[in-house]
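Residue-level listing of the chains:
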Amino acid sequence: MDRSMLYRRFHTLLIANRGEIAARVIRTARAMGLRTVAVYSEADRDAMHVALADEAVLLGPARARDSYLNVERLIEAARKTGAEAVHPGYGFLSENAEFARACLDAGLVFVGPTAGMMTAMGSKSGSKALMEKAGVPLVPGYHGEAQDEATLAKAADKIGFPILVKASAGGGGRGMRIVRSAAELGSAIVSAKREAKAAFGDDTMLIEKYVDNPRHIEVQIIGDSHGNLVSLFERECTLQRRHQKVIEEAPSPTLNAAQRETVCAAARKAAGAVNYVGAGTIEFVSDGKDVFFIEMNTRLQVEHPVTELITGIDLVEWQLRVAFGEALPLKQDEIRLNGHAVEARVYAENPTKNFMPSVGKISTWRLPAETGGLRIDAGYRERDSVSPYYDAMLAKMIAWAPTRDVAIERLNRGLQESDVRGIVTNIPFLSALMTHPKVRTNAIDTGFIERELAVLASAPPAPGELELCAAVAAIVNDERQAAQGEANSPWQTFGWMPVGRRQRSFAFRVGHGPEQKITMNYGSGPSTLVIGERELAFTVAPKDGGFDLTLDGVKSQVAAVIDGHELYLRTRNGRFDLHWVDPFGGESEEHVGEDKIAAPLPGTVVAVLAEEGAKLEKGAPILTLEVMKMEQTLRAPYAGVLKSIKCKVGDIVQEGVELAVVEPSGE
Ligand code: ADP
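Once a new chain begins, its residue numbering starts again from 1 and follows that chain's sequence as written. At least 70 in pLDDT is required for a residue's local features to be given in this predicted model, at least 80 for side-chain atom pairs to be given and counted, and no such filter applies to totals for whole chains, interfaces and linings, which use all residues. The basis for the side-chain values is all heavy atoms of the structure; hydrogens and waters are excluded.

Draft legend 1. Looking closely at the overall build of the chain. Here a strand is any run of E in DSSP of at least two residues, a helix any run of H or I of at least four, and the numbering for each starts at the N terminus. Along the backbone of the chain there are 17 helices and 39 strands. Its C-alpha atoms give the chain principal-axis dimensions of about 95 × 55 × 45 Å. Classification of the 667 residues of the chain by burial places 54% in the buried group. Every residue pair with non-hydrogen atoms within 4.5 Å of one another is taken to be in contact. Counting contacts in the chain only where the partners sit at least 6 residues apart, residues at least 24 apart contribute 62% of the total. Only the protein chains shown count as covering a residue, and every accessible area follows the Shrake-Rupley method with a 1.4 Å probe. Put simply, the chain shows about 28,700 Å² of open surface, and 50% of that area lies on carbon and sulfur atoms. Under the convention used here, Asp and Glu are negative, Lys and Arg are positive, and both His and the chain ends fall outside the count. Just so you know, the charge point we use is NZ for Lys, CZ for Arg, CG for Asp and CD for Glu. The distance from the centre of the 76 positive side-chain charges to the centre of the 87 negative ones in the chain is 4 Å. Burial classification: accessible surface area is computed with a 1.4 Å probe over protein chains only, and a residue below 20% of its type maximum counts as buried, one above 50% as exposed, and the rest as partly exposed.

Draft legend 2. Spatial organisation of the environment of Glu132. Position of Glu132 relative to the elements: it lies in helix H7 (residues 124-134). Since its relative accessible area comes to 49%, Glu132 is described here as partly exposed. It is 27 Å that separates the C-alpha atoms of Glu132 and Glu248, two residues lying 116 residues apart in sequence. Filtering out sequence-adjacent residues up to four positions away, Glu132 remains in contact with Leu138 and His143.

Draft legend 3. A look at the site of the ligand. Here a residue is near a molecule or strand as soon as one of its heavy atoms is found within 4 Å of it. Around the ligand, 23 residues are found, and the nearest of them are Lys124, Gly173, His216, Gln240 and Glu295. N or O atoms within 3.5 Å of each other form a polar contact, as long as, within protein, one can give a hydrogen and the other can take it, and as long as residues adjacent in sequence are counted only when both atoms are side-chain atoms. In the model, an oxygen atom of the ligand is placed 2.8 Å from a nitrogen or oxygen of the Lys166 side chain. Burial of the ligand by the surrounding chains reaches 96%, relative to a free accessible area of 550 Å². Secondary structure elements with two or more residues in the shell around the ligand: strand E7 (163-167), strand E9 (205-209), strand E13 (278-286) and strand E14 (291-297). When the residues that make up the shell around the ligand are grouped by side-chain class, the tally is eight nonpolar, eight polar and seven charged. In this entry, domain limits derive from an automatic or database-based domain assignment. Counting only domains with at least three residues in the shell around the ligand, you end up with domain 2 (140-209) and domain 3 (215-456). Put simply, Ala, Val, Leu, Ile, Met, Phe, Trp, Tyr, Cys and Pro go in the nonpolar bin, Asp, Glu, Lys and Arg in the charged bin, and everything else, Gly too, in the polar bin.

Draft legend 4. Broad picture of the packing of aromatic side chains. Note on ring pairs: Phe, Tyr and Trp rings are taken, using the six-membered ring of Trp, and paired if centres are within 6.5 Å. Classes follow the plane angle, with under 30 degrees stacked, over 60 edge-to-face and the rest tilted. Considering all chains together, one arrives at 10 aromatic pairs under this definition. Between the aromatic rings of Tyr68 and Phe92, the centroid separation amounts to 5.1 Å while the plane-to-plane angle is 25°, which identifies the pairing as stacked. Taken together, the residues Tyr68 in the loop between strand E3 (55-60) and helix H4 (71-81) and Phe92 in the loop between strand E4 (85-87) and helix H5 (97-105) connect sequence positions 24 residues apart. Residue classification places Phe92 among the partly exposed positions, given a relative accessible area of 30%.

Draft legend 5. Broad picture of the domain arrangement of the chain. As far as domains go, the chain holds domain 1 (3-111), domain 2 (140-209), domain 3 (215-456), domain 4 (465-580) and domain 5 (597-664). Between the C-alpha centres of domain 4 and domain 5 the distance comes to 25 Å.

Draft legend 6. The sheet that holds strand E39 (residues 658-664), seen in detail. DSSP calls a pair of strands paired once it identifies at least 2 bridges connecting them. The strand order E32-E39-E37-E34 describes an open sheet built from four strands, whose pairing is antiparallel. A strand with exactly one partner marks an edge of an open sheet, and here the two such strands are strand E32 (597-598) and strand E34 (615-616). In this sheet, E39 lies alongside strand E37 (residues 640-645) in antiparallel orientation, the contact comprising five bridges. Each residue of the ladder has a partner; that of Ser644, found in E39, is Val661.

Draft legend 7. Representation of the pattern of salt bridges in the model. Here, a salt bridge means any Lys or Arg side-chain nitrogen found within 4 Å of an Asp or Glu carboxyl oxygen. If you walk through the whole model with that rule in mind, you get 43 salt bridges. Taking the shortest distance from any N to any O, the salt bridge between Glu283 and Lys245 comes out at 2.8 Å. Within this pair, whereas Glu283 is found in strand E13, its partner Lys245 is found in strand E12 (residues 244-250), the two being separated by 38 residues in sequence. Residue Glu283 is classed as buried on the basis of its relative accessible area, which comes to 4%. Residue Arg321 pairs with Glu326 through a salt bridge whose shortest N-O separation is 2.9 Å. You can call Arg321 partly exposed: its relative accessible area is 25%.

Draft legend 8. Spatial organisation of the packing of helix H2 (residues 19-31) against helix H12 (residues 315-323). It is the contact of H2 with H12, at a shortest axis distance of 9 Å, that shows an interaxial angle of 65°. Seen along the crossing, H2 lies across H12 with a hand that is right-handed. Here Arg24, Val25, Thr28 and Ala29 of H2 lie close against H12, whose contacting residues are Leu315, Val316, Glu317 and Leu320. When its residues are assigned to classes, the contact of H2 with H12 shows five nonpolar, one polar and two charged. Orientation is described by lines fitted to C-alpha atoms, with helices fitted over the stretch in contact, and by angles between N-to-C directions that extend from 0 to 180 degrees. Crossings are assigned a handedness: left-handed for a near helix turned anticlockwise from the far helix by less than a right angle, right-handed for a clockwise turn.

Draft legend 9. Quick look at unusual backbone geometry. Following Phe161, the chain continues into Pro162 via a peptide bond in cis, with omega recorded as 0°. The topology assignment puts Pro162 in the loop between helix H8 (149-159) and E7. Residue Ala250 is joined to Pro251 through a cis peptide bond whose omega torsion reads -5°. Residue position: Pro251 is located in the loop between E12 and helix H10 (257-272). Positive phi outside glycine occurs at Asn354, with the angle close to 55°.

Draft legend 10. Region of interest: the nonpolar core. Nonpolar cores are built from buried Ala, Val, Leu, Ile, Met, Phe, Trp, Tyr and Cys residues. Side-chain atoms within 4.5 Å join them into one set. In terms of nonpolar packing, the biggest core is built from 102 residues, with Phe10, Leu13, Phe284, Leu394 and Leu433 touching the most fellow members. Among the elements that make up this core, the one with the highest residue count is strand E22 (residues 393-401) (seven residues). Structurally, this core is a two-domain feature, drawing no fewer than three residues from each of domain 1 (3-111) and domain 3 (215-456).

Draft legend 11. Summary view of the packing of H8 against helix H9 (residues 182-200). Look at H8 against H9: their axes get within 11 Å of each other, and the N-to-C directions meet at 125°. It follows that H8 is oblique to H9 by the angle criterion. As H8 runs across H9, the sense of the crossing is right-handed. Between H8, through Glu149, Leu152, Ala153 and Ala156, and H9, the contact on the second element is made entirely by Leu185, Gly186 and Ile189. Taken together, the residues that form the contact of H8 with H9 break down as five nonpolar, one polar and one charged. Convention used here: angles under 35 degrees read as roughly parallel, angles over 145 as roughly antiparallel, angles from 65 to 115 as roughly perpendicular, and any remaining angle as oblique.

Draft legend 12. Expanded view of the side chain of Arg18. Tracing the backbone through its elements, the reader meets Arg18 in the loop between strand E1 (12-15) and H2. Reaching out from Arg18, the side chain makes a polar contact with the side chain of Tyr380 at a distance of 3.2 Å. For Arg18, the contacting residues outside a window of four places in its chain are Asp44, His49, Tyr68, Phe92, Tyr380, Tyr390 and Asp391.

Draft legend 13. Just the environment of Ser458, in detail. Topologically, Ser458 is positioned in the loop between helix H16 (448-456) and helix H17 (465-484). Its relative accessible area of 44% is what places Ser458 among the partly exposed residues. For the pair Ser458 and Ala432, spaced 26 residues apart in the sequence, the C-alpha separation amounts to 9.2 Å. In this structure the side chain of Ser458 is engaged in a polar contact, spanning 3.3 Å, whose partner is the backbone oxygen of Val455.

Draft legend 14. Spotlight on the side chain of Arg570. Checked against the element boundaries, Arg570 lands in strand E30 (residues 566-571). What makes Arg570 buried here is its relative accessible area of 17%. From its side chain, Arg570 meets the backbone oxygen of Gln416 in a polar contact 3.2 Å long. Discounting residues that sit within four places of it in the chain, Arg570 has contacts with Gln416, Glu417, Ser418, Asp419, Gln557, Val558, Ala559 and Arg575.

Draft legend 15. The sheet that holds E12, seen in detail. The sheet built from eight strands is open, its strands ordered E14-E13-E10-E11-E12-E15-E22-E20 with antiparallel pairing. Looking along the sheet, the strands with just one partner apiece sit at the ends: E14 and strand E20 (374-378). Along the sheet, successive strands turn relative to each other by an average axial angle of 25°, direction set aside. Strand direction decides the pairing type here: strand E15 (residues 340-347) and E22, joined by eight bridges, are antiparallel. Bridged to Ala341 within E22 is Trp400.

See the structure below:
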């Protein structure tokens, strides 16, 4: 076919995807002067990629097959908006030959290879047959057409156990089983076929030797429609969980220069075998010495940024230029490798609960600035919702540095300085991975995460002295900031008190753990915090997202989020979730203020619940205060008569002010 039909200059690009990759593609497309069209499902009306694009078209209901996988609706969206080209991103329809063909039939440029190339490389069996012919090294295995049990069993025997049974149409690690002995083979094939049939509608199996201590190494390639094809070095993606990548880096720390050249040459040969056009990845499995082809992905990968950071090439820009029909901007010998890059995939999931996806609203989204070698490709913002319909990847954090060690340090720091609340994320897990000594020394294989799970997904540390002090400081800091709006509030000057020295007690708890008590002394003279026998001088200086806490002359940074009585703190010791035990609501064994019904914190009276003269049981509600956006009910400290109420609804009251008087009944 005439290539100018396939690839030509265009001005409006539709991005047939969502989340971070849609946002990523839009960023480059706009920088190249293109008009961008986003598509979205009903669940994504307020999503970030929709806000970023020049135009956006609703595809349909939340379910992917009704929206992002609906070819007809996508083509219709392009027609409606005058889009001339489609970028498929990754996942969804990115490797669907029918979609590429439908785009072409509708007169749209498909930013990617032709349908024919996708079909040739799309099946693992087919591509292996092609690679075999091209002389690319393969894992010993069987990828023939005959699928009867006897043939597969014979092939497995010949290869020698352990082997891997794999769905030819597979992806995302599905339809794959490790088989260690002939006895296990039959049932593994049955279950892998069942899974493959359900997931891909095709249960063709292939068998491969299971490579010992496997490492995943892949090469980024890109070809243009003029016959140029280059490789952009390799990535190592050995840190996987259930055959899904978690951390990726470039270049591979496992290969030396000669091995690097060998694997890149093999990749060029592989892509050259189909005269490949567009960006693609040739994946290999390695035993640490040799590399063997496993499959090709005919699209941009999630982990493409690590390649961008070590080559200085914008892969989306190159994809678009290839789609314009241009020649690649650089020749192979002009492409240089510079430094090292590492990427971590940030997911809404709970590693301590078997990586269960976490859905809900992102109440806090604070990620570090993209400076000092750090890059963040995000698909979400504060107040966005994570829905249960799609992949739960929130963002990718990528760090570059001249060396691997420093890149890992930078990435880890970036992770440690991230505070995401409202949903649970894998950030602490990623951080544990980046600091694991075996990751630092590259003593890993694809089974590493599974083996080390107990260490990597362990429960957070218990709060210590610093965290208890930080919790008090967070409350005080928050109250002071809340009071800043009120003119002439005494809270504007911390420690202001009408008379002398004052004391305020706090109790905190983690989960259902014991209460930990701490007392603040303030007023005239320096403020101190008392935990047991220890008394520490302290000051608090507010900062964006938290404060600097100085304890006995040592300053440390604390990030804090307060949501009612739930406190989230990040100190130098890690992340902590503390519950501030309600000093009023019967939650604590101790009653504050003994016989005086006084405002324990500055607040607003929102309800008066008893009348003067009423007989009250111990614990009967008297009035409700709103303190820090939380309602607190003050109760009778003992049985008695309500002698007087000294406030009314709407009053703003200061701490320590008496609000009601109860006369004990003397029983
Ligand atoms: P999918 O398309 O489902 O991702 P792949 O064929 O790419 O499946 O394999 C996924 C992962 O499984 C690879 O990254 C690699 O870690 C591991 N793997 C694949 N083939 C082998 C093999 N023959 N031996 C050992 N590990 C393998």
